Amino acid sequence: MGYTHYWSFKKPKRGEVRAAEKKYAAAIKDCATLIRSYYIANGELSGYSAHTKPGRYLGILFNGKGDLAHEDFSLRETYKECYSDDAFNFCKTARKPYDEVVVACLLILKRHLGDLIEISSDGYLDDWYDGRELVRRYFKDKTLQVPASIGVNKYAVDRKSTRLNSSHEWISRMPSSA
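For clarity, every value in this text was computed on a predicted model and none was experimentally measured. (Residues numbered from 1 in each chain as written. Predicted model: local features only at pLDDT ≥ 70, side-chain atom pairs only at ≥ 80, totals over all residues. Heavy atoms only, no water.)

J.: Please clarify how helix α1 (residues 17-42) should be interpreted in this entry.
T.: The α-helix advances 3.6 residues per turn, and as a result positions three or four apart in sequence lie on the same side. If you check α1, its first and last C-alpha atoms are 36 Å apart, about what 26 residues at 1.5 Å a residue would give, namely 38 Å. For α1, the set of buried residues is Ala20, Tyr24, Ala27, Ile28, Asp30, Cys31, Ala32, Leu34, Ile35 and Tyr38. Where α1 ends, the next residue or the one after it, glycine 43, has phi of about 65 degrees, a positive value. (Helix = DSSP H or I, 4+ residues; strand = E, 2+ residues; numbered from the N terminus. Expected span 1.5 Å × (residues − 1). Buried < 20%, exposed > 50% of the residue type's maximum accessible area, 1.4 Å probe, protein only.)

J.: Would you mind showing me how to read the packing of aromatic side chains here?
T.: Remark: the centre distance and the inter-plane angle together describe each pair of aromatic rings, the angle taken between the planes. Following the criterion strictly, the structure yields seven aromatic pairs and no others. Here the aromatic rings of phenylalanine 9 and tyrosine 24 are separated by 5.9 Å at their centres, their planes lie at 85 degrees, and the arrangement is edge-to-face. Of the two residues, phenylalanine 9 sits in strand β1 (residues 4-9) while tyrosine 24 sits in helix α1, which places them 15 residues apart along the sequence. Judged by relative accessible area, phenylalanine 9 falls into the buried class, the value being 7%. On the basis of relative accessible area, tyrosine 24 is assigned to the buried category, the value being 0%. In this structure an aromatic cluster arises from ring pairing among Trp7, Phe62, Phe73 and Tyr98. Over the ring of phenylalanine 139 we find arginine 111; its NZ or CZ atom is 5.5 Å from the centre of that ring. (Phe/Tyr/Trp six-rings, centres within 6.5 Å; stacked < 30°, edge-to-face > 60°. Lys NZ or Arg CZ within 6 Å of the ring centre and 35° of its normal.)

Don't take any of this as a statement about function, it's just geometry.
Following this line, the structure appears as structure tokens:
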């Protein structure tokens with residue numbers, strides 16, 4: 001076992017298949033934009049492929065790089081491929097740095113697909129903070145919400161008064177005189 005995100009796609013209602021495909025294509029395009037921008041700014045991704053034209057790369061695939069890799073995150077090219085097998089999807093990231101990009105892509109999918117996707121995670125709301133901020137920063141979406149299925153960690157540290165240093169240790173943002 002390890003720190004994992006889970007998602008499944010629902011079959012659209014009769015007459016709504018074309019609309020679902022359009023929503024999914026828009027989500028894939030937004031994920032591709034975010035992944036590409038993240039890769040340019042930070043590197044740290046391998047196996048990176050993301051399409052903006054259907055048929056080019058057959059979906060999205062990425063992982064962390066080197067020791068920062070764990071499991072591939074992948075999305076199929078079309079929505080029909082996602083729900084046709086009653087597929088249950090998951091990605092173990094072990095909280096490695098690329099986790100924020102996985103979370104961001106899941107949030108983008110939820111933003112576009114709404115009730116057509118169910119998302120859950122071993123993580124809590126505070127674990128989704130970096131991914132949410134990544135989407136908010138790239139798409140300037142201040143209203144983006146984490147799915148209600150992601151619970152609140154009652155033991156979490158308040159991120160407004162703390163942050164992680166380069167060694168991934170919590171340090172206070174408060175002045176030492178406070």
